[in-house]
Amino acid sequence: MRNLFGKRFANYNLQFNGHYRRNLIAFLLITSLPGILIGIILFFVSKSQMEKELQTVHQNHLYKTIDSIQEQFSYVEYLLTNWATNVNFGENYENIDLKNDYKEVRQIYKTLLYIENSNPFIGHVELFINQERPLVFSKSGYRFINGTKSLHSYQQFLSSDNTLFWSPALLEVERGYKKRYAPLGLVHNLTNRSFTSYGSILVYLDRDKLAELLKSPYEDGSVFLIGYQNHWVFADPKQTKPSKLEKAIYNEIKGKKGKRKPFLFQLDKMEYAVTYDSFSRLGDQWYYVSIAPLSTITAPVVFISKVFIILCSALLFAAILLSLFASKKLYTPIETLLGKINDGGKTTKNEFDFIESRWNHLSNESEDLRSRLERQLPDLREGFLLQLFQGYLHPFTEKELQERMLHFGWKKEQKYLILFVQLFGLSKLQGKFLEGDEGLVTFLAGNVTKELMHQLDVAGQIINFHDLSLGLFIAIPQEESKEEIETKIHRLSETMITSINEICRMDVVIGVSRMTNSLKEIHPIFEETKNSLSLRKWKDYNQIIEIEKMDHLFLEKNKIEFPFDIEKEITQAIRLRNEEEAIKRLDSFFLILSEKNVSTAMIKQSALQLLGSIHQIALQAGLMDENIVNEGVQLYKQLFELNDPVEMRLWFETKVVCSIIKELSQKQDQRMRIVVEEVIHYLQENYMKDISLDYCADQVHLHPTILSRVFKEVSGWNFIDFLTNIRLMKAKELLIKTDTKINQIANHIGYKPSYFNRLFKKSEGITPSEFRKVNQEKESFIL
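Residues numbered from 1 in each chain as written. Predicted model: local features only at pLDDT ≥ 70, side-chain atom pairs only at ≥ 80, totals over all residues. Heavy atoms only, no water.

### Let's talk about the overall build of the protein chain
Secondary structure assignment for the protein chain yields 28 helices and 16 strands. Counting the 783 residues in the protein chain, one finds 41% classified as buried. Considering only contacts in the protein chain between residues 6 or more positions apart, those separated by 24 or more positions represent 64%. Entry remark: accessible area of the protein chain is about 45,700 Å², with carbon and sulfur atoms responsible for 53%. (Helix = DSSP H or I, 4+ residues; strand = E, 2+ residues; numbered from the N terminus. Buried < 20%, exposed > 50% of the residue type's maximum accessible area, 1.4 Å probe, protein only. Contact = heavy atoms within 4.5 Å. Areas by Shrake-Rupley, 256 points an atom, 1.4 Å probe, with all protein chains shown as cover.)

The following block contains the structure:
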C-alpha cells in the first residue's frame, strides 16, 4: 500500500517544474486564509451595518412596488379613457337596436375584447347601457337585466359626479364575480350630447394579478391598500378584514404628518418595519402600506454569518489538501496549450511570456493573410460579378447571392444598374494601336472609367471583358429617387464618352439597363442591355441607349426574345446524354423562333448563340478532339451559310447534338450516368415523398458525397435544387390546369402549406394564388 500511495502521489507530482504552477499553488493557499477572517468581521463588526443596508434595500423594493401599482392603475385609466372617448363610444349606443344595429354590436364586442386582452391586469370588461330594457355587453355576448336589485347596482354608477372613478362596489353588481376578480374596479360613464350618463364601462381587475402585485417579499409580512371610502385591499385574496396589527399601524400612519418615512412599530413585544406611501388616483387619496417583522429582515444575516465562519474553517483545512491536486487540474489547460504551440517540446521559465510571444507571431501571420486577402478582394469581386453576368450562378437562390455580396463588401438591400460600354473604331488608330491590342485599349478605358466613377461618387465595380467592351455594375441605395439616379447615370455616361474620345480616340456606345432589386435578374438584364447595342444608329458615333426610355414598339420590331429556358433544357439534355429529349427540345427551339415571324438573320443569330452554348459544354467536358475543337470554326462557318430554318434544325441534330452526345457517352462513365438517371427517375416518380440524398445514395449503393458530386456533374443541378424544381413544376401544372386548393397542392408535392407559399414566392416572385390567377387569365385569353 505504501508503494501504491507513493506512486499515486508521485503522479500528482511534487514536480513543480512550471513557473505558473508554483505560483498557482501559493496563490491557492494564500487566498484560503482571508475567508475565516472575513467571516469573523462579518459576524462581530458589520452585522448592524448590513441590517441597515438590507432595510434600505427593502425600502427601495417597496418604493418600486408603489411605482408599479401607480403605473398599472394609470395604464388602465388611460386605456379606458382612450377607448371610451375615441373608439366610437358615443350617444349612438344609447338606443342601440340589437337586431338592426349589428355592426355597432359587433364593434362593441371587438372593443371589449381588445380592452380585456390589452393588459393582463384586466380580468373582465363589461358595457352597461341603461335603456328601456337595460342590458350588459361582455366579450362573450349580452344579457338583459331583469332583477331590480341587480339593475340598481348598475345604475348607482350613473349617479356619480365623476365620469371616471375607481369603485369597490363592482363586485356587488354580480355576486358570482367575487371569487374571480379583485374587490376594486374602474368605471367610466358614457354621456350623450346633453351630458346625461346613459351607460358605463366596467373594468374588473384580475384578483390574482392584483394579489401578486401587492405580495409581500417576506413570508410573515403584510401588504395592503387603503383607498376610496376607507376601503381596504389586501395582498391575500382570502382576507376581507384588517387585523389588529394592520388597524393599529393605519391609525399610527394617519397621525403622522410631513414626509412619509419608514418607521419601526412595536406590538405584543414584536418589532415591525413599516414602509408606506400615498398617491392620488382620480381625486382620491390612496395609501400603500407594507409591514414586515424586523427579525425576518435581519435573520438571514445572522444565520449566514455563523454558517460562513464554520464553512471557512472547514474549507481552510480542505484547501491545504486540495491545493496540490487542484493546481494540477488548473495547470492542465496551460500544459496542453504549451504542448500545441511549443514546437521543440521544451519547457519555459514563464509560460505566459512564451504564449504571448507565440500569440504575437500568429497575429502577425493573421495580419499578413488579411492584407493579402484585401489585395485579392477586388479580383475576387470582379470574378464573382463576371460569373453573375454570364449566368453561371443561376442555381443559387437570391438569399445565397445576397450573402455572397455581403462577403465581398457590398451593402444589403440595394438597387442595381448595369452599364455596358462598347468601344468602336480601333482600325482608325493604326498609328497608335495595332491589331490585337484590344485588351490594352479596354484596360485603358477601364482605368478612365474607374477614375470618373470615383470623381462622381458612383459606387460600383468595373468588369473588363478585354474585347473593347466593359461592364459596370452599379449599386444604388434604396433611398435615392429615380430622378437622382437618372441624373447621376446620365452625367457619368456623357463624361465617359467625352473622356474616352479624348484619351483613347475611340467611339463609345453605352447601354443603360433597367433597375432591379434582385440579383437573380442580373444575367437576363445584362444580356438585354448587351443586345440593345445592336440598335445603335450607324451615323451616330457616340450614343447612350437607355432601355427604359426606348420606344417599346421599336424594340419589339427589331429585337427577338431569345428562348433562354429552351436553351438550358437543350444543354441539360446534352449533359445527360439524352438524345431523344435534346432533339425534342431542339424542335421546340426552332418552332418558337419560327412563330415569332422574324427574319432569317434573327433566327441565325439565335442559332449561333445556341451553338456557342453547346460548344461550351463540349469544352467543359474535356472533349478536345478534332471534331469539336479544331473544326469549331468550320461549324460556325457552316451554320452561317445556312439560310433555311429547317436545314438549320437538321444540321444541329446531325452535326452538333448527336455528335457531342456520342463523344460525351464515350468520355464519361456509363454507370454513373445510369445511376443518376435512376435517381432522377425516382425523384420524378416519388417527388411527393420525404426524399433525402442519403436515402437515394443508399438505394444506388453509393456514398452520399459521391452521389452528390456525380449528380451535379451529370445533371448540372444540385440534388435538392433538382428535387425542388420538380415539385415546383408539378405545382405550377396543378395551379394552371386544376382548381385544387393550394394547401392540397402543397401536401401533394410533399411540402407544408406555409413553407410551400414562401418557397414558391421566393422562386417565382409571386404567391401561388397570384400565379394561378395570371396564368389562367392568359389561357382564357388565348382560348
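That covers the picture; the talk isn't over yet.
### Quick notes on the sheet that holds strand E2 (residues 135-138)
Across the sheet, which stays open at both edges, the six strands sit in the order E3-E2-E1-E6-E5-E4 with antiparallel pairing between neighbours. One side of each edge strand has no neighbouring strand; the edge strands of this open sheet are strand E3 (141-144) and strand E4 (164-167). On average, each strand axis in the sheet is tilted by 20 degrees relative to the strand beside it, whichever way the strands run. As paired strands, E2 and E3 are joined by four bridges and run antiparallel to one another. (Pairing = 2+ DSSP bridges. Axes fitted to C-alpha atoms, helices over the stretch in contact; angles between N-to-C directions.)

### Some thoughts on the packing of aromatic side chains
Each aromatic ring pair is summarised here by two numbers: the centre-to-centre distance and the angle between the ring planes. Counted under the stated rule, the structure contains 19 aromatic pairs. Seen in terms of ring centroids, Phe-420 and Phe-465 are 6.2 Å apart; in terms of plane orientation they differ by 45 degrees. Their pairing is tilted. In this pair, Phe-420 is assigned in strand E12 (residues 414-424) and Phe-465 in the loop between strand E13 (460-464) and strand E14 (469-477), connecting sequence segments 45 residues apart. Overall, the relative accessible area of 3% leaves Phe-420 in the buried class. For Phe-465, a relative accessible area of 19% corresponds to the buried category. Put simply, the rings of Phe-389, Trp-410, Tyr-416, Phe-420, Phe-465, Phe-473 and Phe-526 touch in pairs and so form one group of aromatic residues. A cation over an aromatic ring shows up here: Arg-133 above the ring of Phe-144, its NZ or CZ 3.9 Å from the ring centre. Taking the ring centre of Tyr-751 as reference, the NZ or CZ of Arg-727 above it sits at 4.9 Å. (Phe/Tyr/Trp six-rings, centres within 6.5 Å; stacked < 30°, edge-to-face > 60°. Lys NZ or Arg CZ within 6 Å of the ring centre and 35° of its normal.)

### Some remarks on empty space enclosed by the protein
Going through the model one piece at a time under the given rule, you end up with two cavities of 30 Å³ or more. A volume near 150 Å³ is recorded for the largest cavity. Here the lining of the largest cavity gets four residues from one element, more than from any other, and that element is helix H13 (residues 482-504). Grouping the amino acids of the lining of the largest cavity by side-chain chemistry returns six nonpolar, one polar and six charged. (1 Å grid on protein atoms, 1.4 Å probe; cavity = no way out; pocket = protein on both sides within 12 Å on 5 of 7 lines; lining within 4 Å. Points joined across faces, edges and corners; volume = space filled by probe spheres on them. Nonpolar A, V, L, I, M, F, W, Y, C, P; charged D, E, K, R; others polar.)

### A short note on the nonpolar core
Grouped together as the largest cluster of nonpolar side chains are 42 residues, with contacts concentrated most on Phe-73, Leu-127, Ile-129, Phe-137, Leu-214 and Tyr-288. When residues in this core are grouped by element, the largest group, nine residues, is from helix H4 (residues 47-86). Leu-214 has contacts with Ile-69, Val-223, Leu-225, Val-233, Phe-234, Ala-235 and Tyr-288, leaving out every residue within four places of it along the chain. Leu-576, Val-675, Leu-702 and Ile-726 belong to the second-largest nonpolar core, a separate cluster that totals 34 residues. (Core = buried A, V, L, I, M, F, W, Y, C linked by side-chain atoms within 4.5 Å.)

### Overview of the environment of Ser-140
Checked against the element boundaries, Ser-140 lands in the loop between E2 and E3. Ser-140 gets classed as exposed once you look at its relative accessible area, which sits at 70%. As for Ser-140 and Leu-112, which are separated by 28 residues in sequence, their C-alpha atoms are 9.5 Å apart.

### A few points about the pattern of salt bridges
Applying the stated criterion across every chain, the model contains six salt bridges. The partner of Arg-585 in a salt bridge is Glu-569, and the shortest N-O contact between them spans 3.4 Å. On the criterion of sequence distance, the pair formed by Arg-585 in helix H17 (residues 579-595) and Glu-569 in helix H16 (residues 564-575) is long-range, its members being 16 residues apart. Its salt-bridge partner being Glu-764, residue Lys-732 comes within 2.7 Å of it at the nearest N-O pair. Residue Lys-732 is found in helix H25 (residues 719-737), and its partner Glu-764 is found in helix H27 (residues 753-764); the two are separated by 32 residues along the sequence. Judged by relative accessible area, which is 17%, Lys-732 ranks as buried. Assessed through its relative accessible area of 30%, Glu-764 is described here as partly exposed. In the salt-bridge network here, residues are joined through shared partners; they are Glu-569, Glu-581 and Arg-585. (Salt bridge = Lys/Arg side-chain N within 4 Å of Asp/Glu carboxyl O.)

### Focus on the packing of helix H12 (residues 438-455) against H13
Running from amino to carboxyl end, H12 crosses H13 at an angle of 140 degrees, the nearest separation of the two axes being 10 Å. Relative to H13, the element H12 lies oblique. Taken as a pair, H12 and H13 cross one another with a handedness that is right-handed. From H12, Leu-444, Ala-445, Val-448, Thr-449, Leu-452 and Met-453 reach across to H13, where they touch Leu-492, Thr-495, Met-496, Ser-499, Ile-500, Ile-503 and Cys-504. A class-by-class count of the residues in the contact of H12 with H13 yields ten nonpolar, three polar and no charged. (Parallel < 35°, antiparallel > 145°, perpendicular 65-115°, else oblique. Left-handed = near helix turned anticlockwise from the far one by under 90°.)

### As for the side chain of Gln-131
Its location among the elements puts Gln-131 in the loop between strand E1 (122-129) and E2. Looking at Gln-131, the relative accessible area reads 18%, which means it is buried. Ignoring sequence-local partners within four residues, the contact set of Gln-131 consists of Glu-94, Asn-95 and Ile-96.

### Details of the packing of H25 against H27
Where H25 meets H27, the axes come as close as 11 Å, and the angle between the chain directions of the two elements is 95 degrees. Classified by the angle their axes make, H25 and H27 are roughly perpendicular. Taking contact as the criterion, the partners of Thr-724, Leu-728, Ala-731, Lys-732 and Leu-735 in H25 are, on H27, Phe-756, Leu-759, Phe-760, Ser-763 and Glu-764. Grouping the amino acids of the contact of H25 with H27 by side-chain chemistry returns six nonpolar, two polar and two charged.

### Examining the pairing of strand E10 (residues 270-281)
Here strand E9 (residues 263-267) runs beside E10; their pairing, made up of five bridges, is antiparallel. Each residue of the ladder has a partner; that of Leu-267, found in E10, is Met-270.

### Section: helix H5 (residues 102-117)
Residues spaced three or four apart along an α-helix point in a common direction, a consequence of the helix completing one turn every 3.6 residues. Here H5 is 16 residues long and its end C-alpha atoms lie 23 Å apart, about the 22 Å a rise of 1.5 Å per residue gives. Every buried residue of H5 is listed here: Val-105, Ile-108, Thr-111, Leu-112, Ile-115 and Glu-116. Down the axis of H5, the sector holding all buried residues measures 130 degrees, keeping them to one side. Exposed residues pointing more than 90 degrees away from the buried face of H5 are listed as Tyr-102, Lys-103, Arg-106, Lys-110 and Asn-117. (Expected span 1.5 Å × (residues − 1). Arc of directions from axis to C-beta.)

### Brief notes about the side chain of Thr-571
Within the secondary structure, Thr-571 sits in helix H16. The exposure class assigned to Thr-571 is buried, which follows from its relative accessible area of 9%. Apart from residues no more than four positions distant in its own chain, Thr-571 is found in contact with Ser-613 and Ile-617.

### Considerations on the sheet that holds E9
Sheets are built from strands that pair by backbone hydrogen bonding, the pairs being arranged parallel or antiparallel. Overall, antiparallel pairing links the five strands, which are arranged E8-E7-E11-E10-E9 in an open sheet. Each of the sheet's edge strands pairs with one partner strand only, and the pair in question is strand E8 (232-234) and E9. For this sheet, the mean angle separating the axes of adjacent strands, direction not counted, is 30 degrees. Against the sheet, helix H7 (residues 207-214) contacts strand E7 (222-226), E8 and strand E11 (284-293), and its axis sits at roughly 85 degrees relative to E8.

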